[in-house]
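# Residue-level structural notes
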Amino acid sequence: QLDHNGAYGGTALSFTKTSAEEHRKITAAYYAMIEQIDTEMGHMLKVLDETGLAENTIVIFMSDHGEMLGDHGIYLKGPYFYDCLTRVPLIVRWPGHFKPGLKVDALVEMLDLAPTLIEAAGIQKPAGMQGRSLMPLLREETTTHRDSVYMEFLNANFNYPIPPMLTSVRTERWKLNYCDQAKYGELYDLHADPSEFSNLWEDPHQKDTRDQVMQLLLTRMIDTTDPIPQGV
(Lines give C-alpha, C1' and ligand atoms only; values in the text may rest on other atoms or scores of the structure.)
Protein backbone atom coordinates (compact mmCIF):
# COMPACT_ATOMS: atom_id res chain seq x y z
CA GLN A 1 0.00 0.00 0.00
CA LEU A 2 1.06 3.61 -0.33
CA ASP A 3 3.27 4.80 2.48
CA HIS A 4 0.91 6.78 4.71
CA ASN A 5 3.78 8.14 6.79
CA GLY A 6 6.06 9.06 3.89
CA ALA A 7 5.70 10.37 0.38
CA TYR A 8 1.94 9.99 0.16
CA GLY A 9 0.90 10.21 3.79
CA GLY A 10 1.74 12.50 6.63
CA THR A 11 -1.85 13.26 7.69
CA ALA A 12 -2.48 16.09 10.12
CA LEU A 13 -3.17 13.72 13.03
CA SER A 14 -0.83 10.91 14.08
CA PHE A 15 -2.87 7.74 14.60
CA THR A 16 -0.29 5.88 16.68
CA LYS A 17 0.27 8.82 19.04
CA THR A 18 -3.44 9.21 19.76
CA SER A 19 -4.84 7.47 22.84
CA ALA A 20 -7.85 5.14 22.79
CA GLU A 21 -9.88 7.78 24.62
CA GLU A 22 -8.96 10.41 22.02
CA HIS A 23 -9.98 8.01 19.24
CA ARG A 24 -13.38 7.57 20.91
CA LYS A 25 -13.85 11.33 21.29
CA ILE A 26 -12.99 11.95 17.63
CA THR A 27 -15.49 9.30 16.54
CA ALA A 28 -18.17 10.69 18.85
CA ALA A 29 -17.62 14.22 17.51
CA TYR A 30 -17.96 12.97 13.93
CA TYR A 31 -21.18 11.12 14.74
CA ALA A 32 -22.49 14.27 16.43
CA MET A 33 -21.87 16.28 13.25
CA ILE A 34 -23.80 13.66 11.26
CA GLU A 35 -26.67 13.87 13.75
CA GLN A 36 -26.75 17.66 13.44
CA ILE A 37 -26.91 17.44 9.64
CA ASP A 38 -29.74 14.88 9.89
CA THR A 39 -31.66 17.16 12.25
CA GLU A 40 -31.28 20.26 10.07
CA MET A 41 -32.18 18.34 6.91
CA GLY A 42 -35.31 17.15 8.69
CA HIS A 43 -36.27 20.76 9.42
CA MET A 44 -35.84 21.69 5.75
CA LEU A 45 -37.95 18.77 4.53
CA LYS A 46 -40.65 19.56 7.08
CA VAL A 47 -40.92 23.14 5.81
CA LEU A 48 -41.24 21.89 2.20
CA ASP A 49 -44.04 19.53 3.26
CA GLU A 50 -45.88 22.16 5.32
CA THR A 51 -45.73 24.80 2.58
CA GLY A 52 -46.87 22.44 -0.17
CA LEU A 53 -43.62 22.81 -2.09
CA ALA A 54 -42.34 19.25 -1.66
CA GLU A 55 -43.87 17.81 -4.84
CA ASN A 56 -42.30 20.60 -6.89
CA THR A 57 -38.86 20.40 -5.27
CA ILE A 58 -36.10 17.87 -5.86
CA VAL A 59 -33.90 17.51 -2.80
CA ILE A 60 -30.50 15.87 -3.17
CA PHE A 61 -28.39 14.93 -0.17
CA MET A 62 -24.77 14.16 -1.01
CA SER A 63 -21.19 14.67 0.13
CA ASP A 64 -18.01 15.52 -1.75
CA HIS A 65 -15.98 12.92 0.17
CA GLY A 66 -16.04 10.71 3.23
CA GLU A 67 -13.83 10.62 6.33
CA MET A 68 -11.08 8.11 7.05
CA LEU A 69 -11.93 8.26 10.79
CA GLY A 70 -9.01 6.05 11.75
CA ASP A 71 -9.44 3.46 9.01
CA HIS A 72 -6.05 2.27 7.75
CA GLY A 73 -4.52 4.38 10.50
CA ILE A 74 -5.56 7.63 8.82
CA TYR A 75 -7.83 10.54 9.76
CA LEU A 76 -9.34 13.31 7.64
CA LYS A 77 -8.82 12.90 3.88
CA GLY A 78 -5.99 12.80 1.36
CA PRO A 79 -4.73 11.08 -1.79
CA TYR A 80 -6.50 7.79 -1.10
CA PHE A 81 -9.35 5.94 -2.78
CA TYR A 82 -10.59 3.70 0.02
CA ASP A 83 -14.36 3.23 -0.01
CA CYS A 84 -14.70 4.97 3.36
CA LEU A 85 -13.42 8.13 1.68
CA THR A 86 -14.93 7.85 -1.81
CA ARG A 87 -18.25 5.99 -1.37
CA VAL A 88 -20.42 8.90 -0.29
CA PRO A 89 -24.13 9.34 0.52
CA LEU A 90 -26.53 10.07 -2.32
CA ILE A 91 -30.21 10.48 -1.46
CA VAL A 92 -32.76 11.96 -3.87
CA ARG A 93 -36.26 13.01 -2.79
CA TRP A 94 -39.13 14.06 -5.04
CA PRO A 95 -42.55 13.15 -3.60
CA GLY A 96 -45.04 11.93 -6.18
CA HIS A 97 -42.26 11.13 -8.66
CA PHE A 98 -39.80 8.82 -6.88
CA LYS A 99 -40.79 5.89 -4.67
CA PRO A 100 -40.05 6.62 -0.98
CA GLY A 101 -37.51 4.25 0.57
CA LEU A 102 -36.23 2.95 -2.76
CA LYS A 103 -32.65 1.68 -2.48
CA VAL A 104 -30.56 1.09 -5.58
CA ASP A 105 -27.29 -0.82 -5.46
CA ALA A 106 -25.82 0.59 -8.67
CA LEU A 107 -22.55 2.32 -9.51
CA VAL A 108 -23.13 6.02 -10.09
CA GLU A 109 -21.00 9.16 -10.18
CA MET A 110 -21.63 12.66 -8.89
CA LEU A 111 -21.33 14.07 -12.40
CA ASP A 112 -24.53 12.12 -13.17
CA LEU A 113 -26.50 14.64 -11.09
CA ALA A 114 -26.42 17.50 -13.61
CA PRO A 115 -28.00 15.50 -16.48
CA THR A 116 -30.48 14.07 -13.97
CA LEU A 117 -31.73 17.51 -12.98
CA ILE A 118 -31.76 18.66 -16.61
CA GLU A 119 -33.96 15.73 -17.59
CA ALA A 120 -36.25 16.30 -14.58
CA ALA A 121 -36.68 19.92 -15.71
CA GLY A 122 -37.59 18.83 -19.23
CA ILE A 123 -34.49 20.41 -20.76
CA GLN A 124 -32.36 18.75 -23.42
CA LYS A 125 -28.92 17.69 -22.20
CA PRO A 126 -26.13 19.66 -23.93
CA ALA A 127 -24.02 17.56 -26.30
CA GLY A 128 -20.81 18.30 -24.44
CA MET A 129 -22.07 17.41 -20.94
CA GLN A 130 -20.52 14.46 -19.18
CA GLY A 131 -22.57 12.18 -16.99
CA ARG A 132 -25.66 10.02 -17.39
CA SER A 133 -29.10 10.79 -16.06
CA LEU A 134 -30.15 8.81 -13.00
CA MET A 135 -33.84 9.14 -13.88
CA PRO A 136 -34.20 5.53 -15.12
CA LEU A 137 -32.89 4.34 -11.74
CA LEU A 138 -35.07 6.72 -9.76
CA ARG A 139 -38.16 5.72 -11.75
CA GLU A 140 -37.40 2.00 -11.24
CA GLU A 141 -37.02 1.47 -14.98
CA THR A 142 -33.65 -0.24 -14.42
CA THR A 143 -31.37 -1.43 -11.60
CA THR A 144 -28.05 -0.89 -13.40
CA HIS A 145 -26.32 2.29 -14.47
CA ARG A 146 -22.54 2.06 -14.95
CA ASP A 147 -20.04 -0.79 -15.10
CA SER A 148 -17.44 1.37 -13.32
CA VAL A 149 -16.79 4.66 -11.57
CA TYR A 150 -13.74 6.84 -12.21
CA MET A 151 -11.89 8.94 -9.62
CA GLU A 152 -8.80 11.10 -9.64
CA PHE A 153 -6.70 13.09 -7.19
CA LEU A 154 -4.64 15.80 -8.88
CA ASN A 155 -3.91 18.42 -6.22
CA ALA A 156 -0.54 20.13 -6.32
CA ASN A 157 -1.35 22.08 -3.13
CA PHE A 158 -0.76 19.08 -0.86
CA ASN A 159 2.59 19.28 0.92
CA TYR A 160 4.11 15.96 -0.18
CA PRO A 161 7.66 15.36 -1.49
CA ILE A 162 6.10 14.18 -4.77
CA PRO A 163 2.87 15.97 -5.81
CA PRO A 164 0.22 13.22 -5.74
CA MET A 165 -1.26 12.54 -9.16
CA LEU A 166 -3.47 9.49 -8.75
CA THR A 167 -6.30 7.92 -10.71
CA SER A 168 -8.67 5.11 -9.82
CA VAL A 169 -11.39 2.96 -11.34
CA ARG A 170 -13.86 0.84 -9.37
CA THR A 171 -16.11 -1.91 -10.68
CA GLU A 172 -18.57 -3.96 -8.69
CA ARG A 173 -15.72 -6.31 -7.75
CA TRP A 174 -12.37 -4.65 -8.45
CA LYS A 175 -10.68 -1.39 -7.56
CA LEU A 176 -7.45 -0.26 -9.20
CA ASN A 177 -5.49 2.80 -8.07
CA TYR A 178 -2.45 4.13 -9.91
CA CYS A 179 0.09 6.77 -8.90
CA ASP A 180 1.66 8.33 -11.96
CA GLN A 181 4.71 9.84 -10.25
CA ALA A 182 5.68 6.72 -8.30
CA LYS A 183 4.67 4.32 -11.09
CA TYR A 184 2.96 2.26 -8.42
CA GLY A 185 -0.49 0.85 -8.04
CA GLU A 186 -3.02 -0.92 -5.87
CA LEU A 187 -5.49 -3.64 -6.87
CA TYR A 188 -8.20 -4.81 -4.50
CA ASP A 189 -10.70 -7.65 -4.82
CA LEU A 190 -13.69 -6.04 -3.11
CA HIS A 191 -15.55 -9.35 -2.87
CA ALA A 192 -12.79 -11.12 -0.96
CA ASP A 193 -11.33 -8.01 0.68
CA PRO A 194 -14.03 -5.32 1.15
CA SER A 195 -11.89 -3.36 3.64
CA GLU A 196 -9.05 -3.04 1.10
CA PHE A 197 -6.12 -4.43 3.05
CA SER A 198 -4.70 -6.97 0.59
CA ASN A 199 -3.00 -5.23 -2.33
CA LEU A 200 -2.84 -7.63 -5.31
CA TRP A 201 -0.92 -5.29 -7.63
CA GLU A 202 2.23 -7.44 -7.55
CA ASP A 203 0.38 -10.78 -7.38
CA PRO A 204 1.42 -12.76 -10.50
CA HIS A 205 -1.88 -14.67 -10.38
CA GLN A 206 -3.78 -11.39 -10.85
CA LYS A 207 -1.68 -9.97 -13.70
CA ASP A 208 -4.42 -10.54 -16.32
CA THR A 209 -7.03 -8.97 -14.07
CA ARG A 210 -4.74 -6.03 -13.34
CA ASP A 211 -4.14 -5.47 -17.06
CA GLN A 212 -7.87 -5.65 -17.85
CA VAL A 213 -8.82 -3.18 -15.12
CA MET A 214 -5.91 -0.92 -16.12
CA GLN A 215 -7.32 -0.82 -19.66
CA LEU A 216 -10.68 0.13 -18.18
CA LEU A 217 -8.98 2.93 -16.21
CA LEU A 218 -7.42 4.30 -19.40
CA THR A 219 -10.78 4.14 -21.17
CA ARG A 220 -12.50 6.02 -18.36
CA MET A 221 -9.76 8.68 -18.43
CA ILE A 222 -10.52 9.22 -22.11
CA ASP A 223 -14.23 9.44 -21.29
CA THR A 224 -13.54 12.49 -19.09
CA THR A 225 -12.48 14.51 -22.14
CA ASP A 226 -15.21 16.89 -23.24
CA PRO A 227 -16.49 16.00 -26.72
CA ILE A 228 -16.52 18.55 -29.53
CA PRO A 229 -19.80 20.52 -29.32
CA GLN A 230 -22.34 19.89 -32.03
CA GLY A 231 -22.13 22.18 -35.02
CA VAL A 232 -18.38 22.82 -34.64
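What counts and what doesn't
- Residues numbered from 1 in each chain as written.
- Predicted model: local features only at pLDDT ≥ 70, side-chain atom pairs only at ≥ 80, totals over all residues.
- Heavy atoms only, no water.
- Helix = DSSP H or I, 4+ residues; strand = E, 2+ residues; numbered from the N terminus.
- Polar contact = N/O pair within 3.5 Å; in protein donor to acceptor, adjacent residues only side chain to side chain.
- Contact = heavy atoms within 4.5 Å.
- Pairing = 2+ DSSP bridges.
- Axes fitted to C-alpha atoms, helices over the stretch in contact; angles between N-to-C directions.
- Core = buried A, V, L, I, M, F, W, Y, C linked by side-chain atoms within 4.5 Å.
- Buried < 20%, exposed > 50% of the residue type's maximum accessible area, 1.4 Å probe, protein only.
- Salt bridge = Lys/Arg side-chain N within 4 Å of Asp/Glu carboxyl O.
- Expected span 1.5 Å × (residues − 1).
- pLDDT = per-residue confidence, 0-100.

### Here's the deal with the side chain of Ser168
Looking at where Ser168 falls in the secondary structure, it is placed in strand β4 (residues 165-170). A distance of 2.7 Å separates the side chain of Ser168 from the side chain of Asn177, its partner in a polar contact.

### A closer look at the environment of Asn177
With respect to the helices, strands and loops of the structure, Asn177 is situated in strand β5 (residues 174-179). Sequence separation between Asn177 and Trp201 is 24 residues; the distance between their C-alpha atoms is 9.3 Å. Once you skip the residues sitting within four places of it in the chain, Asn177 turns out to touch Phe81, Thr167, Ser168, Tyr184, Gly185, Glu186, Tyr188 and Trp201.

### Considering the sheet that holds β4
Ordered in space as β3-β4-β5-β6, the four strands form an open sheet in which the pairing is antiparallel. Each having just a single partner strand, β3 (149-154) and β6 (184-189) make up the two edges of the open sheet. In this sheet, neighbouring strand axes are inclined to one another by 10° on average, regardless of whether the strands run parallel or antiparallel. When β4 meets β5, the two strands line up antiparallel, connected through five bridges. Bridge pairing in β5 links Arg170 to Lys175. Docked against the sheet, helix α5 (residues 207-223) engages β3, β4, β5 and β6, running at close to 70° with respect to β5.

### Re the nonpolar core
Core analysis: the largest hydrophobic core is formed by 10 residues, namely Tyr150, Val169, Trp174, Leu176, Tyr178, Leu187, Leu200, Trp201, Val213 and Leu217. Put simply, the parts of the chain that give this core at least two residues each are β5 and α5. Here this core gets three residues from one element, more than from any other, and that element is β5. When near neighbours in sequence (up to four residues on either side) are disregarded, Trp174 contacts Val169, Leu187, Tyr188, Asp189, Leu190, Leu200, Gln206, Thr209 and Val213.

### Thoughts on the pattern of salt bridges
One pass over the structure, following the stated rule, counts 14 salt bridges. A salt bridge links Asp180 to Lys183; the shortest N-O distance between them is 3.4 Å. On the basis of relative accessible area, Lys183 is assigned to the exposed category, the value being 55%.

### Structural notes on unusual backbone geometry
Of note, His72 is a non-glycine position whose phi angle comes to about 60°, a positive value. One non-glycine residue with positive phi stands out, namely Leu76, at about 65°. By secondary structure assignment, the location of Leu76 is in the loop between β1 (59-62) and α2 (83-86).

### Quick word on the pairing of β4
Of all six residues that make up β4, five are buried, and the element is covered over most of its length. Direction of pairing for β3 relative to β4: antiparallel, over a ladder of six bridges. Along β4, the bridge assignment pairs Phe153 with Leu166.

### A word on helix α1 (residues 20-50)
Given a rise of 1.5 Å per residue, 31 residues ought to cover 45 Å, and the 45 Å separating the end C-alpha atoms of α1 matches this to within 8%. Buried residues of α1: His23, Met41 and Leu48, and no others. Buried residues in α1 make contact with β1 and β2 (90-93). Residue Gly52 follows α1 closely and has a positive phi angle near 75°.

### Observations regarding the confidence of the model for the protein
Chain-level pLDDT for the protein is 88 on average; 87% of the residues reach the 70-or-more range. Note on residues 1-12: pLDDT is under 50 here. Beyond four places in sequence and across chains, it has 40 contacts.

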